[in-house]
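# Descriptive analysis of the structure
For reference, the chains in residue letters:
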Amino acid sequence: MSGGATDRDLGMLRAAVELSRSCPPSDTAFSVGALVVDEDGRVIADGYSRRDDPHDHAEEAALRALAADDPRLAGATVYSSLEPCSARASRPRSCAGLILDTPVPRVVFAWREPELFVDCRGAELLRAAGREVVEVPALAPLVREVNAHLLQGGSGAG
């Protein structure tokens, strides 16, 4: 387990992974779940990949539910099953960029994005901007399981 992860972090991250199971299948994008949680531990927004649009990323869908100046964001944590992206093929703004457009001070994720679609540097971008980033690799196998169809050339569950 990564340093800095609390029991709340583990529970919320597991909930984000479960949310990722709701994603419509895709052979060209990861299935990801995200939660935005206020400082008191209340989920104030959630999202998952392709929820509202075939190009939606989980963090994007969750953050869209909140105004960028929502005062709860100043103490919030974004939980994402996968590292927030730093580059996208489908939209001009990355998820790391969308998070940086808000005052969210903390991001917790389970699995560092593999170089399957893009070279992701989301964690590094967030840290460089002064945000706390906690990686919990102990939960990464759950995220890989959800995305097995991408990792095994279509032989896994989708």
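Data block above holds the structure.
Now for a description of the structure that goes with this document.

Criteria and cut-off values
Residues numbered from 1 in each chain as written. Predicted model: local features only at pLDDT ≥ 70, side-chain atom pairs only at ≥ 80, totals over all residues. Heavy atoms only, no water. Helix = DSSP H or I, 4+ residues; strand = E, 2+ residues; numbered from the N terminus. Buried < 20%, exposed > 50% of the residue type's maximum accessible area, 1.4 Å probe, protein only. Contact = heavy atoms within 4.5 Å. Areas by Shrake-Rupley, 256 points an atom, 1.4 Å probe, with all protein chains shown as cover. Expected span 1.5 Å × (residues − 1). Salt bridge = Lys/Arg side-chain N within 4 Å of Asp/Glu carboxyl O. Phe/Tyr/Trp six-rings, centres within 6.5 Å; stacked < 30°, edge-to-face > 60°. Core = buried A, V, L, I, M, F, W, Y, C linked by side-chain atoms within 4.5 Å. Pairing = 2+ DSSP bridges. Axes fitted to C-alpha atoms, helices over the stretch in contact; angles between N-to-C directions. Lys, Arg positive; Asp, Glu negative; His and termini not counted.

## Quick word on the overall build of the protein chain
Along its length, the protein chain carries 6 helices and 5 strands. Secondary structure elements of the protein chain occur, N-terminal to C-terminal, as α-β-β-α-β-α-β-α-β-α-α. Across the 158 residues that make up the protein chain, the buried fraction comes to 51%. Relative to all contacts within the protein chain whose residues are 6 or more apart in sequence, the contacts with residues 24 or more apart total 71%. For the protein chain, the exposed surface amounts to about 7200 Å²; the carbon and sulfur share of it is 50%.

## So, helix α1 (residues 7-20)
The end-to-end C-alpha distance of α1 is 20 Å, a good match for the 20 Å that 14 residues give at a rise of 1.5 Å each. Among the residues of α1, D9, L10, M12, L13, A16, V17, L19 and S20 are the ones counted as buried. Tucked into the core, α1 has its buried residues touching β1 (33-37), β2 (43-48), β3 (77-82), β4 (106-111) and α5 (140-146).

## Some thoughts on unusual backbone geometry
Positive phi values are uncommon outside glycine, yet R50 reaches one of about 65°. Among the secondary structure elements, R50 is positioned in the loop between β2 and α2 (58-64). With relative accessibility at 9%, the residue R50 sits in the buried group.

## Overview of the pattern of salt bridges
When charged atoms on two side chains of opposite charge get close, those side chains can pair. On inspection of all chains with the given rule, the structure shows 15 salt bridges. One salt bridge in this structure joins D38 and R42, with 3.1 Å as the shortest N-O distance. A cluster of three or more residues bridged by salt bridges with shared partners is formed by D46, R51, D52, D56 and R64.

## Digging into the packing of aromatic side chains
Across all of its chains, the model carries 1 aromatic pair by this definition. Between the aromatic rings of F30 and W111, the centroid separation amounts to 5.7 Å while the plane-to-plane angle is 85°, which identifies the pairing as edge-to-face. Remark: W111 occurs in strand β4 and F30 occurs in the loop between α1 and β1; sequence separation between them is 81 residues. The same class applies to F30 and to W111, which are both buried.

## Considering the nonpolar core
L13, L35, Y79 and V136 are the most contacted members of the largest nonpolar core, which has 27 residues in total. At the level of elements, α1, β1, β3, β4 and α5 are the ones that each hand at least two residues to this core. The biggest single contributor to this core is α1, with 6 residues.

## A look at the environment of A123
Looking at the element boundaries, A123 is found in helix α4 (residues 122-128). Separated by 11 residues in the primary sequence, A123 and V134 have C-alpha atoms spaced 8.7 Å apart. Those residues in contact with A123 that lie beyond four places of it in its chain are E83, F109, R112 and V133.

## Side note on the sheet that holds β3
Across the sheet, which stays open at both edges, the 5 strands sit in the order β2-β1-β3-β4-β5 with mixed pairing between neighbours. Each edge of the open sheet carries a strand with a single partner, namely β2 and β5 (132-135). The average undirected angle you get between the axes of adjacent strands in this sheet is 15°. Pairing analysis gives 4 bridges linking β4 to β5, with the strands arranged parallel. Pairing of V108 across the sheet is with V134, part of β5.

## Regarding the side chain of R50
There is no salt bridge for the buried R50, and the closest opposite charge comes from D27, which lies 8.9 Å off by N-O distance. When neighbours within four sequence positions are excluded, R50 is seen to be in contact with C23, P24, P25, S26, A29, F30, S31 and D56.

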